[in-house]
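Here's the letter readout for the chains.
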Amino acid sequence: MNKELVIVFVKNIKLGKVKTRLAATIGNQGAFDVYTQLVDVTEKAIKTIKADKRIYFSEAVVENTWKNNVKAVQQGEVRRPYESCF
């Protein structure tokens, strides 16, 4: 166990549920595509970090992503998800 910890909060990727303000301009599918790319970039970026990692999903754990990391569903208020991590 490392003394360093990276925590990532991920909204489950669902059409019409992610990047809703952006969707008002580019549509639900465009917002979905943007968010999917952002999540992919984030997942790749943390692979190189030498620290323990915890991935918190908004609704349900997605098993086929974020491999070899501790995963859980966020608890608590949506605006303050970090409070349940410690």
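Residues numbered from 1 in each chain as written. Predicted model: local features only at pLDDT ≥ 70, side-chain atom pairs only at ≥ 80, totals over all residues. Heavy atoms only, no water.

A.B. asks: Go over the overall build of the protein chain, please, and point to the residues and values.
C.D. replies: Along the backbone of the protein chain there are 1 helix and 3 strands. N-terminal to C-terminal, the α/β element order of the protein chain is β-α-β-β. Every one of the 86 residues in the protein chain was classed for burial, and the buried ones make up 24%. The contacts in the protein chain between residues at least 6 apart in sequence include a share of 50% that link residues at least 24 apart. For the protein chain, the accessible surface area stands at approximately 6300 Å², while carbon and sulfur atoms represent 53% of it. (Helix = DSSP H or I, 4+ residues; strand = E, 2+ residues; numbered from the N terminus. Buried < 20%, exposed > 50% of the residue type's maximum accessible area, 1.4 Å probe, protein only. Contact = heavy atoms within 4.5 Å. Areas by Shrake-Rupley, 256 points an atom, 1.4 Å probe, with all protein chains shown as cover.)

A.B. asks: How would you summarise the nonpolar core if you had to cite specific residues and measurements?
C.D. replies: Counting residues in hydrophobic clusters, the biggest one holds 9 residues: V8, V10, V18, Y35, V39, I46, I55, F57 and W66. Secondary-structure elements contributing two or more residues to this core are β1 (5–10), α1 (20–47) and β2 (52–57). For this core, the element with the most residues is α1, which contributes 3 residues. In this structure, F57 is in contact with V10, N12, V62, T65, W66, K71, A72, V73 and Q74, ignoring residues within four places of it in sequence. (Core = buried A, V, L, I, M, F, W, Y, C linked by side-chain atoms within 4.5 Å.)

A.B. asks: So what's going on with the sheet that holds β2? Which residues, and what values?
C.D. replies: Strand order in the open sheet formed by 3 strands is β1-β2-β3, and the pairing between neighbours is parallel. Of all the strands in the sheet, the pair left with one neighbour each is β1 and β3 (70–73). Between one strand axis and the next, the sheet turns by 20° as a mean value, whatever way the strands run. Direction of pairing for β1 relative to β2: parallel, over a ladder of 6 bridges. Considered in β2, the bridge of V10 is made with F57. Contacting β1 and β2, α1 crosses the sheet at an angle of about 170° to β1. (Pairing = 2+ DSSP bridges. Axes fitted to C-alpha atoms, helices over the stretch in contact; angles between N-to-C directions.)

A.B. asks: For a positive patch on the surface, give the residues involved together with the corresponding values.
C.D. replies: A grouping of K11, K17, K19 and R21 is seen on the molecular surface, where their side chains present a positively charged patch. Tracing the backbone shows R21 in helix α1. (Patch = residues over 30% accessible without salt bridge, like charges linked within 9 Å, V, L, I, M, F, W, Y side chains within 5 Å. Salt bridge = Lys/Arg side-chain N within 4 Å of Asp/Glu carboxyl O. Lys, Arg positive; Asp, Glu negative; His and termini not counted. Charge placed at Lys NZ, Arg CZ, Asp CG, Glu CD.)

A.B. asks: Please set out the pairing of β2 residue by residue, giving values where relevant.
C.D. replies: Put simply, side chains in a regular strand alternate between the two faces of the sheet. In this region the chain leaves β1, passes through α1 and returns to the parallel neighbour β2; the handedness of that crossover is right-handed. With 4 bridges connecting them, β2 and β3 associate as parallel partners. Opposite F57, over in β3, you have V73 as the bridge partner. (Right-handed = clockwise from strand over helix to strand, strands pointing away.)

A.B. asks: Please give an account of the pattern of salt bridges that cites residues and values.
C.D. replies: Under the definition given, this model contains 2 salt bridges. In this structure, K14 and E59 form a salt bridge, with 2.5 Å as the shortest nitrogen-oxygen distance. Separated by 45 residues along the polypeptide, K14 in the loop between β1 and α1 and E59 in the loop between β2 and β3 bring together distant segments of the chain. Here K71 makes a salt bridge to E63, at a shortest N to O gap of 3.9 Å. A relative accessible area of 59% places E63 in the exposed class.

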